[in-house]
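Chain and residue survey
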Amino acid sequence: MKTRNNPVRLAVSYLLLLIIAVVSIYPVLWIFLSSLRPGAALFSERLWPEAFTLSHYGELFNNPSFMYGRWYMNTLKIAFFTMIFSTLMVTLGMYALSRFRFRGRKTILSTMLILGMFPSFMSMIAIYIILLQIKLLDTHTALILVYSSGAVLGGFIVKGFFDTIPRSLDEAARIDGASHLRVFTSIILPLSKPMLTYVALTSFTGAWMDFIFARLVLRTKENWTLAVGMWDLVNRYQDSNFTMFAAGAVLIAIPITLLFVFLQRFLVQGLTSGASKG
């Protein structure tokens, strides 16, 4: 009976995977083909366009009222520096909480856990007022600081990964005269490549795709990110430039897609390793 059910169960599994694949791929394919469709209308009676054009991609960079190239560089700069600072802060902070025992350590962990349960948008008004007082409103520095600081609250996976690294390695290095910084840079970091990749990738993706906080902080059009600029395109023209919006969405997806393709192995290792021990 068990042997007879295996083919049925396998067929059902493949069928479910096929349905999930179609549901996931169809919107992506529709957006991509829409970016190649002539005209600017949102509605189309058929998925495959009768003719193809690349004019929408050129219009993104040539339209004087739509600074797509500048927004792309703004977003790339914010995401890159957020990735660097987030990775540095999370790894150093979680290494200290994992390896050292000091007064207030459990309080810090409990506070981080409690704060992580609240949605981030609850603090937006307070952050807005703080940025206004220190004159960082409408700057990319504000976004980088907030994104990098917020990443520390989600560092429990990193701490779990550090907990899995045997302490005997630290002790052996300390006996040989290595400092805590030398232990961290020469032993912990080389063993933490999957986790570093996970932190860097999630930090980059979060900053690259964020809209709500960027819309709140950035005021001038020259400082906008891609998410804010693309929203303005649809909102201002009331969907009349959807094909250009689709072209912009395709270009936005390219860096994230490449990162996930090339770093997928390290990402999976980082997730599984960090979740194996608390």
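Here the structure is a predicted model, which means the values were calculated and not measured.

Cut-offs used in this document
For every chain, the first residue of the written sequence is number 1, and numbering continues from 1 onward in sequence order. The predicted origin of the model limits local features to residues at a pLDDT of at least 70 and limits the giving and counting of side-chain atom pairs to 80 or more, whereas totals for whole chains, interfaces and linings rest on all residues. Side-chain calculation: all heavy atoms of the structure are included, whereas hydrogens and water are not. Helix numbers and strand numbers start at the N terminus; a helix is a DSSP run of H or I with at least 4 residues, a strand a run of E with at least 2. Exposure classes here rest on a 1.4 Å probe applied to the protein chains alone. A residue is buried below 20% of its type maximum, exposed above 50%, and partly exposed in between. What makes two residues a contact is simply this: any of their non-hydrogen atoms within 4.5 Å. To be clear on the numbers: accessible area is Shrake-Rupley with a 1.4 Å probe, and residue cover counts the displayed protein chains and nothing else. In plain words, nonpolar cores are sets of buried Ala, Val, Leu, Ile, Met, Phe, Trp, Tyr and Cys residues tied together by side-chain atoms within 4.5 Å. UniProt positions are given in the numbering used here, feature names are shortened, and annotations may be inferred rather than shown by experiment. The predictor reports its confidence for every residue as pLDDT, a score running from 0 up to 100. Think of it this way: a Phe, Tyr or Trp ring, Trp meaning its six-membered ring, pairs with another when their centres are within 6.5 Å, and the plane angle makes it stacked under 30 degrees, edge-to-face over 60, tilted otherwise. Only one rule defines a salt bridge in this text: a Lys or Arg side-chain nitrogen within 4 Å of an Asp or Glu carboxyl oxygen.

1. A few points about the overall build of the protein chain
- Across its full length, the protein chain carries 13 helices and zero strands.
- The secondary structure elements of the protein chain, listed N-terminal to C-terminal, are α-α-α-α-α-α-α-α-α-α-α-α-α.
- Each of the 278 residues in the protein chain was classed as buried or not, and the buried ones make up 35%.
- Long-range pairs, those at least 24 residues apart, make up 74% of the contacts in the protein chain between residues at least 6 apart in sequence.
- Summed over its atoms, the accessible surface of the protein chain is roughly 16500 Å², and 70% of this surface lies on carbon and sulfur atoms.

2. What about the nonpolar core?
- Judged by nonpolar contacts, the single largest core of 35 residues is most densely connected at Phe66, Tyr68, Leu143 and Trp208.
- Looking at this core, the elements that each hand over two or more residues are helix 2 (55–62), helix 3 (68–99), helix 5 (124–133), helix 6 (140–152), helix 10 (193–209), helix 11 (212–217), helix 12 (226–237) and helix 13 (242–274).
- Phe66 has contacts with Leu60, Trp71, Gly229, Met230, Leu233 and Met244, leaving out every residue within four places of it along the chain.

3. Remarks on the UniProt feature "transmembrane region" (unreviewed entry) in the protein chain
- Mapped onto the present numbering, the UniProt feature "transmembrane region" (unreviewed entry) falls at residues 12–33, 78–97, 109–130, 142–162 and 242–263.
- For residues 12–33, the end-to-end C-alpha separation is 31 Å, with 100% helix and 0% strand making up the annotated structure.
- In residues 78–97, the share of helix is 100% and the share of strand is 0%. The end C-alpha atoms are 28 Å apart.

4. What about the confidence of the model for the protein chain?
- Per-chain confidence: the protein chain averages 82 in pLDDT, with 90% of residues scoring 70 or above.
- Taken as a whole, residues 274–278 scores under 50 in pLDDT and shows eleven contacts with residues more than four places along the chain or in a different chain.

5. Remarks on the side chain of Ser203
- By the secondary structure assignment, Ser203 is in helix 10.
- The residues contacting Ser203, other than those within four sequence positions of it, are Thr82, Met83, Ser86 and Ala151.

6. Details of the packing of aromatic side chains
- A full pass over the atoms with the stated rule returns 15 aromatic pairs.
- Geometrically, the ring pair formed by Phe211 and Trp231 is tilted, given 5.8 Å between the ring centres and 45° between the ring planes. Of this pair, Phe211 sits in the loop between helix 10 and helix 11 while Trp231 sits in helix 12, placing them 20 residues apart in sequence.
- For Phe211, a relative accessible area of 27% corresponds to the partly exposed category.
- Accessibility expressed as a relative area gives 34% for Trp231, which makes it partly exposed.
- Members of the aromatic cluster, connected to one another through ring pairs, are Phe61, Phe66, Tyr68, Trp71, Tyr72, Phe204, Trp208 and Trp224.

7. Let's talk about the pattern of salt bridges
- Under the criterion given, the structure shown has two salt bridges.
- With a closest N to O distance of 2.7 Å, Arg99 and Asp170 form a salt bridge. Linking Arg99 in helix 3 with Asp170 in helix 8 (residues 167–175), this pair joins segments that are 71 residues apart in sequence.
- Arg99 gets classed as buried once you look at its relative accessible area, which sits at 9%.
- The residue Lys159 makes a salt bridge to Asp163 at a minimum N-O spacing of 2.9 Å. Of the two residues, Lys159 and Asp163 both sit in helix 7 (residues 156–164), four residues apart, roughly one turn of that helix.
- Judged by its relative accessible area of 9%, Lys159 falls in the buried class.

8. Re the environment of Ile165
- You can see Ile165 is positioned in the loop between helix 7 and helix 8.
- Separated by 67 residues in sequence, Ile165 and Ser98 place their C-alpha atoms 10.0 Å apart.
- With sequence-adjacent residues up to four places away left out, Ile165 is seen in contact with Arg99, Ile188, Leu191 and Ser192.

9. Considering the environment of Trp208
- Structurally, Trp208 is set in helix 10.
- Residue class for Trp208 comes out buried when judged on its relative accessible area of 2%.
- Placed 128 residues apart in sequence, Trp208 and Phe80 show a C-alpha to C-alpha distance of 8.8 Å.
- In contact with Trp208, not counting residues within four places along its chain, are Tyr72, Thr75, Leu76, Ala79, Leu226, Ile252, Pro255 and Ile256.

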